[in-house]
Amino acid sequence: MSATLKHAAWVLRGNPVTALAATGATLLVLIAIFAPWLAPHDPILSNVPMALQPPSATYWAGTDQLGRDVFSRLLVATRLDLAIAVSAVGISFAAGAVIGSFCGYIGGWLDKSVGRLVDVLMAFPLFVLAMAMVAALGNRVENIVIATAFINLPFYIRFARAEVNVRRNLGWVEAARSGGESHMTIVLRYLLPNILPAMAVQISLNLGWAILNAAGLSFIGLGVQPPTPEWGIMVAEGARFITAGQWWLVAYPGLALMLTVLCFNLLGDGLRDILDPRMRT
Amino acid sequence: MRALKSVGVRVGRRLVASVPALLGVVVFTFVLMRVLPGDPAVFFASGPNAGQAEIQMIREQMGLDRPVHEQLIRYFSEIGRGQLGRSMTTGQAVVADLRERLPASLELTLVALILALGAAIPLGILAALRPNSPLDHVVRFVCSMGVCVPTFVSGLLLIYVFYVVLGIAPDPTGRIDIFAASPPDITGFLLLDFAITGDWEGWRAAAGQIILPACTMALFVLAPLARMTRASMLAVLGSDFIRTARSIGLSRWKVIVVHGLRNALLPVITITGIVFSTMLGANVLVEKVFSWPGVGSYALDALLGSDYAPVQGFVLMMALAFVVVNLLIDVLYGIADPRVNVE
Amino acid sequence: MTLLSVQDLRVSFSTRRGVVEAVRGISFDLAPGQTLAVVGESGSGKSVTAYAVTGLLDRAGRIAGGKIVFKGRDITGARESELRALRGAAISMVFQNPRAALNPIRSVGRQVMDALSAHNSLSGREKREKALDLLRAVLIRDPERRFDAYPHELSGGMCQRVMIAMAMACEPALLIADEPTTGLDVTTQKTVMDLLTKLVAERDMAMILITHDLGLAAQYCANVAVMQEGVLVERAPAAQLFQRPQHPYTQRLVAASPTPRSTVQELVGEPPAPPIIRPPERPGQAPLLEVHRLTKLYDGFKAVDDVSFTLRAGESLGLVGESGSGKSTISRMVCRLIDHSAGDIVFDGQDIGDVKARDFHASRFRREIQLVFQDPHESLNPRFTAFDAIARPVTRLLGVKDGKELTGRVEEAAERCGLPRNLLGRFPHQLSGGQKARVGIARAIAVGPRLLVLDEPTAALDVSVQAVVLKLLDDLRRQDGLAFLFVSHDLNVVRMMCERTIVLRQGQVVEQGDSAAIFDAPADAYTRELLTAIPHFDPVAA
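Structural notes, computed from the coordinates. Here the structure is a predicted model, which means the values were calculated and not measured. (Residues numbered from 1 in each chain as written. Chains lettered and ligands numbered in written order. Predicted model: local features only at pLDDT ≥ 70, side-chain atom pairs only at ≥ 80, totals over all residues. Heavy atoms only, no water.)

### Points about the overall build of chain C
A count of helical and extended segments in chain C gives 20 helices and 20 strands. Relative to the compact-globule value of 24 Å for 542 residues, chain C shows a C-alpha radius of gyration of 26 Å, a close match. By principal-axis analysis of the C-alpha atoms, chain C measures approximately 75 × 50 × 45 Å. The burial tally for chain C puts 55% of its 542 residues in the buried class. Once local pairs closer than 6 in sequence are excluded, the contacts in chain C between residues at least 24 apart make up 67%. For chain C, the computed accessible surface area is about 22,500 Å², with 48% contributed by carbon and sulfur atoms. Treating the 66 positive side-chain charges of chain C as one cloud and the 64 negative ones as another, the clouds have centres 4 Å apart. (Helix = DSSP H or I, 4+ residues; strand = E, 2+ residues; numbered from the N terminus. Rg over C-alpha atoms; globule rule 2.2 N^0.38 Å. Buried < 20%, exposed > 50% of the residue type's maximum accessible area, 1.4 Å probe, protein only. Contact = heavy atoms within 4.5 Å. Areas by Shrake-Rupley, 256 points an atom, 1.4 Å probe, with all protein chains shown as cover. Lys, Arg positive; Asp, Glu negative; His and termini not counted. Charge placed at Lys NZ, Arg CZ, Asp CG, Glu CD.)

Take a look at the structure:
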């Protein structure tokens, strides 16, 4: 294990971008936890006389149409946005890894049909599917999580399947069989631990995607409802004022989204380098 | 000839194989739509004071009083007759609505895809030719940024910069200025129709309208395309047959273009197909931001209004588009790669 | 006059562990028309030397010192354009793994034409004619038809002939062949090598043959140079080098290479062991393994076709054949890793073919039949230490849960396989190829099987390591009275390891009987062909 850490340190030294991304991700988690105490203003309370103020020393990111401090709202929104993404990715990862590995290991017609289904699903406009699901299940935050988890699922299934497929006939899997291991054990104790590192990369990349998806759903008015601070809603509310030149209402939540996603994506790329420099793209 | 025949066989097999997937998609959305909250009959009744009798009549008219499986069979028989039902919000047949709006989405998606491919392939190749050079880092950085900015944000920011600040872009609403005359409907693609009629003024206006939403979309898909090009070019350049090509003394450009590029573009073909069919429907957000009258925003409005038929029609259309695009990709791939014909 | 002169060449690679010297100051000369084999085990720097000469080192590698002089011209630091003018025209190469070395989406005819047009300006017609001539010269039947074929439509041997045609296209003065027949079947190897050397001799070209196979080097080259860890330790005419090797490394290498008469003990420099004497069979006692009319179908294609044999307790039976002979499929059916399509597999009087392969892990016979896998790199779980790899089957199959007893068993098995105790805590990537092979064997014997199935157990190992592993296996068999089902493509190895041998071809038994009889007086023409195709350096046999 210490060898892995050493190797990680080596990669981080030679790859400051990943180190920066890791720092950024840590910072984001800290903000998500401590935002209510960090926010300089009340994120919900409206203050109409101060509406639509451009960024200033008091209001670092300006104020919105109700005079609420955009910066405070951004900080507080971090928790909700991260929570949605993390729980959605967590669910789809756990389900996808298990389903995918079992299909990949068992093979045969089951694997083939699951593979085809996943391919069809992936080529489908997943965002529309998520929209329909949220509309059908009810306009609530839990359902955003479920919908986002559902549309992430095909990626994990496919990934786990492919990873297991290349290993299924390797000597050490067959050795496990001739060593009397049950199929369950082979999948859970042999194959899963081996594909986890590669899945970790996928998780990190997917977190960014999940955040964008959740924000997109709130942008069109599904899921999170005002006045809850959430980056997608903030952009949607700001969109009305963009042609009037009030750019900060869109730009700052957009920036928050971008930086967050960037952090996770760069972290994912960095993880991939740490695990296998040949996979670098 | 042999290659053509085998491509034909593969296309046929693919068509047959796609039937269950299509059926599945139809049933799935049908059931999903039936779970939607709210009673559309109430929604579409004449007013809040509509009587029980009127609602009942609408229910019967929509077939909502029958069991679900009967409704499904009815729906299938309608599809067989080329009917997708009637939209309650627009009052038109869904087929007509989709036919009217599909060209807008297709045009936008195609322009965006051409922009994205035009930028992504050269960038990916250049980056792969000099891995870890400054250019490579720039390309990778642009790609990383591209996927991080949600389309609804980049679209709005583009509007702010080009419309509000610089004033060089037209009002970001729709495909064409409301006061401008639209061209005769020949293909439904405004750029093509204007070009056919020789109305270059109108062409420029339409191009001005499409450029911002197309760039917004292109920016978002640039990253996967460029990444894939770079990765596959790198893999090909490191392969044994490139070493062979060098060992017989071929010039550098011949090695790269003749032996490298053609092989490297094979996976790009596949991913382009996926990107296209996803873009077609998934860019609901771009259509919303730019008030683009496409199928995505149509489906979105219907969905938010509990209007079944358009959503089902839209999903079916997407599934069909998926099948068609996949067929095209298959044919292209079959021509480009002789190996696929053996299986 | 010398054609090529390499003087104190040093090549280094920048890796994540810093700069590594792959070639550490080697010198040799090559006269026009001369043939030189460069022999060495993996990591000896033999291929790197070849790539340095042609300027085809990959990005990480660079020439750190020394000189390469070709036809009196120093080409060490030559620009890419100068090297390009030389490649193909004056120096050309033939690579290993011919399928991958050809562009998969370009017809082979066009690729030969590419080689022609790199240094000549010919019209399209002339190019095509010359390309067809070249394909004819490398004995490709029906070249007009093959011209438009793609590499995947040709066999490995055919692809290698196309590679040779490309290398010959511009009549270079020097041909460098980098393991040209590795991965090809032994009979294909013979035809390819015969063709290659014939063409080289006809055109009075010089050749450098890079190989790990001493037999191949001796049979096809006049001179042999031996490399070890980036240093050239000995160079001599082939016959002299093998009869009187001077350098200790060469001596060890020559001894470790199996010949048609060597024994396992000789490979590692020990006196031959006495033959195994088994107690006489009681009449009526069933053999340990009885395979009856075994057949395996893959999509209607018969991979194994009606194969029957028996194996007595403690006996060693070899399955030999080329690729596609079905030997590995048979071994995996016997191990119950895959199901058979028809026939019986009777182990110790019990039909184990009844149990589905997917349920066999729970069978009481699972511990009786164990397997040693081909590639030691792929046969160990990257996430398990050597200890865990050996301990898991002991826990599962013998039900040993007690920590102390388990440790004892694992350590005993490891010790018997010559695996030091301090290596048991290591993960596979921290072990050498030979050590991994030992872990694989220890894992198999730890549960005390009666039948050990070995699927090409040494195919991925260097000869010196192979020698030690073979000796270990032979010792274990003698001590435990294990029965072996030994699958291999290497006839010399099978002859040494097995009392009886079955020769397979395309899923069918060609010949079976006592190893000595089969190898000394083969009855079947195919067996004879296989035997004559083995390259050897033994002057008496030659």
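Having seen the structure, we can now continue with the description.
### Some details on the overall build of chain A
From N to C terminus, chain A includes 10 helices and zero strands. In chain A, the succession of helices and strands from N to C terminus is α-α-α-α-α-α-α-α-α-α. For chain A, the C-alpha atoms occupy an extent of roughly 75 × 45 × 30 Å along the three principal directions. A separation of at least 24 residues holds for 72% of the contacts in chain A among residues at least 6 apart in sequence. In the structure as shown, chain A presents an accessible area of about 11,300 Å², 70% of it carried by carbon and sulfur atoms.

### What about the nonpolar core?
Nonpolar side chains tend toward joint burial in soluble globular proteins. In this structure, A:Met131 and B:Phe152 are the most contacted members of the largest nonpolar core, which totals 165 residues. Setting aside chain neighbours within four positions, we find B:Phe152 in contact with A:Ala215, A:Gly216, A:Phe219, A:Val235, A:Leu257, B:Leu285 and B:Val289. In terms of nonpolar packing, the next biggest core, distinct from the first, is built from 109 residues, B:Ala128, B:Ala264, C:Leu209 and C:Ala238 among them. (Core = buried A, V, L, I, M, F, W, Y, C linked by side-chain atoms within 4.5 Å.)

### So, the sheet that holds strand β2 (residues 18-30) of chain C
To summarise the sheet geometry, strands pair through backbone hydrogen bonds and adopt either a parallel or an antiparallel arrangement. Residues and elements named next belong to chain C. As summarised here, the arrangement of the four strands in space is β2-β1-β4-β5, forming an open sheet in which the pairing is antiparallel. With partners counted over all chains shown, the strands left at the sheet margins are β2 and β5 (73-74), one partner each. The pairing of strand β1 (residues 4-15) with β2 spans 10 bridges and is antiparallel. Within the sheet, the bridge partner assigned to Arg10 lies in β2 and is Arg24. Contacting β1, β2 and β4 (61-70), helix α1 (residues 46-54) crosses the sheet at an angle of about 105° to β1. (Pairing = 2+ DSSP bridges. Axes fitted to C-alpha atoms, helices over the stretch in contact; angles between N-to-C directions.)

### A short note on the pairing of strand β10 (residues 231-237) of chain C
Where strand β9 (residues 223-228) of chain C and β10(C) come together, six bridges link them in antiparallel fashion. Bridge pairing in β10(C) places C:Asn223 opposite C:Pro237.

### Quick notes on the interface of chain C and chain A
The extent of an interface is frequently quoted as the accessible surface area lost upon association of the parts. The interface of chain C with chain A comprises 23 residues on the first partner and 22 residues on the second. In total, about 2,200 Å² of surface goes out of reach between chain C and chain A, with carbon and sulfur atoms giving 50% of it. Seen at the junction of chain C and chain A, the total is three salt bridges. Across the pair A:Glu181 and C:Arg392 runs a salt bridge whose closest N-O atoms are separated by 2.7 Å. Across the chain C-chain A interface, the total number found is 12 residue pairs in polar contact (both at pLDDT 80 or more). Looking at the side of chain C that touches chain A, the elements that each hand over two or more residues are β16 (369-372) and α14 (386-398) of chain C. In terms of residue count, α14(C) provides more of the side of chain C that touches chain A than any other element does, four residues in total. Along the lines of polarity and charge, the residues of the side of chain C that touches chain A split into nine nonpolar, four polar and 10 charged. (Buried area = accessible area lost by both parts, 1.4 Å probe. Salt bridge = Lys/Arg side-chain N within 4 Å of Asp/Glu carboxyl O. Polar contact = N/O pair within 3.5 Å; in protein donor to acceptor, adjacent residues only side chain to side chain. Nonpolar A, V, L, I, M, F, W, Y, C, P; charged D, E, K, R; others polar.)

### A word on the packing of helix α5 (residues 126-137) of chain A against helix α6 (residues 141-168) of chain A
All names here are of chain A. Packing of α5 against α6 brings their axes to within 9 Å, and their N-to-C directions diverge by 145°. Crossing handedness for the pair α5 and α6: right-handed. Contacts between α5 and α6 involve Leu126, Leu129, Ala130, Met133, Val134 and Leu137 from the former and Asn143, Ile144, Ile146, Ala147, Phe150, Ile151 and Phe155 from the latter. Among the residues making up the contact of α5 with α6, the classes are represented as 12 nonpolar, one polar and no charged. (Left-handed = near helix turned anticlockwise from the far one by under 90°.)

### Description of empty space enclosed by the protein
As enumerated under the stated definition, the model contains eight cavities of 30 Å³ or more in all. The calculated volume of the largest cavity comes to roughly 120 Å³. Lining the largest cavity we find 13 residues, and of these A:Val120, B:Ser18, B:Ala21, B:Phe322 and B:Val323 sit closest to its centre. Of all the secondary-structure elements, those providing two or more residues to the lining of the largest cavity are α4 (108-123) of chain A together with α1 (2-35) and α14 (308-336) of chain B. (1 Å grid on protein atoms, 1.4 Å probe; cavity = no way out; pocket = protein on both sides within 12 Å on 5 of 7 lines; lining within 4 Å. Points joined across faces, edges and corners; volume = space filled by probe spheres on them.)

### A look at the sheet that holds strand β18 (residues 483-488) of chain C
Residues and elements named next belong to chain C. Pairing in this open sheet of six strands is mixed, and the strands run β16-β17-β18-β13-β19-β20 from one edge to the other. Looking along the sheet, the strands with just one partner apiece sit at the ends: β16 and β20 (508-514). The mean angle between the axes of side-by-side strands here comes to 15°, regardless of whether they run parallel or antiparallel. Sheet analysis places β16 next to strand β17 (residues 451-455), joined by four bridges and oriented parallel. Of the residues in β17, the one forming a bridge with Gln370 is Leu452.

### Describing a nonpolar patch on the surface
All names here are of chain A. Side chains of Leu27, Val29, Leu30, Ile33, Phe34, Trp37 and Leu38 sit close together on the surface and give an oily, nonpolar patch of about 730 Å² of accessible area. Along the polypeptide, Trp37 turns up in helix α2 (residues 16-38). Its relative accessible area of 67% is what places Trp37 among the exposed residues. (Patch = residues over 30% accessible without salt bridge, like charges linked within 9 Å, V, L, I, M, F, W, Y side chains within 5 Å.)

### Side note on the interface of chain A and chain B
The partner chain B presents 45 residues to the 40 residues of chain A that form the contact. In total, chain A and chain B occlude about 3,700 Å² of area from one another, counting both sides; carbon and sulfur atoms represent 79% of this. Our enumeration of links across chain A and chain B arrives at zero salt bridges. Inspection of the chain A/chain B interface yields zero residue pairs in polar contact (both at pLDDT 80 or more). Sorting the residues of the side of chain A that touches chain B by element identifies α4, α5, α8 (183-219), α9 (231-242) and α10 (248-275) of chain A as the ones contributing at least two each.

### Quick word on α9(A)
Residue and element names in this part refer to chain A. End to end, α9 covers 16 Å across 12 residues, agreeing with the expected 16 Å (1.5 Å per residue, within 8%). Taking burial as the measure, the 12 residues of α9 include nine buried ones, the bulk of the element. Every buried residue belonging to α9 is among Trp231, Gly232, Ile233, Met234, Val235, Glu237, Gly238, Phe241 and Ile242, and all of these are buried. One side-chain oxygen of the residue at the start of α9 lies 2.6 Å from the amide nitrogen of Gly232, identifying that residue as Glu230. (Expected span 1.5 Å × (residues − 1).)

### A word on unusual backbone geometry
Residue and element names in this part refer to chain B. Its identity as a non-glycine residue notwithstanding, Asn132 has a phi of 70°, on the positive side. If you trace the backbone, Asn132 turns up in the loop between α5 (94-129) and α6 (134-148). In this model, Ser291 sits at a positive phi of 45°, which is unusual for a non-glycine residue. Mapped onto the secondary structure, Ser291 falls in the loop between α12 (284-289) and α13 (295-304). For Ser291, a relative accessible area of 39% gives the class partly exposed.

### Here's the deal with α5(B)
Within an α-helix, residues lying three or four positions from one another point in the same direction, as the helix has 3.6 residues per turn. Between its first and last C-alpha, α5(B) extends 50 Å over 36 residues, near the 52 Å set by a 1.5 Å rise per residue. By the largest-angle criterion, B:Arg101 marks the main kink of α5(B), which is about 35°, and a proline, B:Pro103, follows within four residues. (Bend = angle between axes of the 7 residues up to and from the residue.)

### With respect to the pattern of salt bridges
Under the defined criterion, the tally for this structure stands at 38 salt bridges over all chains. We note a salt bridge from A:Glu163 to A:Arg167, for which the minimum N-O separation is 3.0 Å. Here A:Arg167 and A:Glu163 lie together in helix α6, a separation of four residues that amounts to about one turn. Accessibility expressed as a relative area gives 19% for A:Arg167, which makes it buried. The salt bridge partner of C:Asp474 is C:Arg478, with a shortest N-O separation of 2.9 Å.

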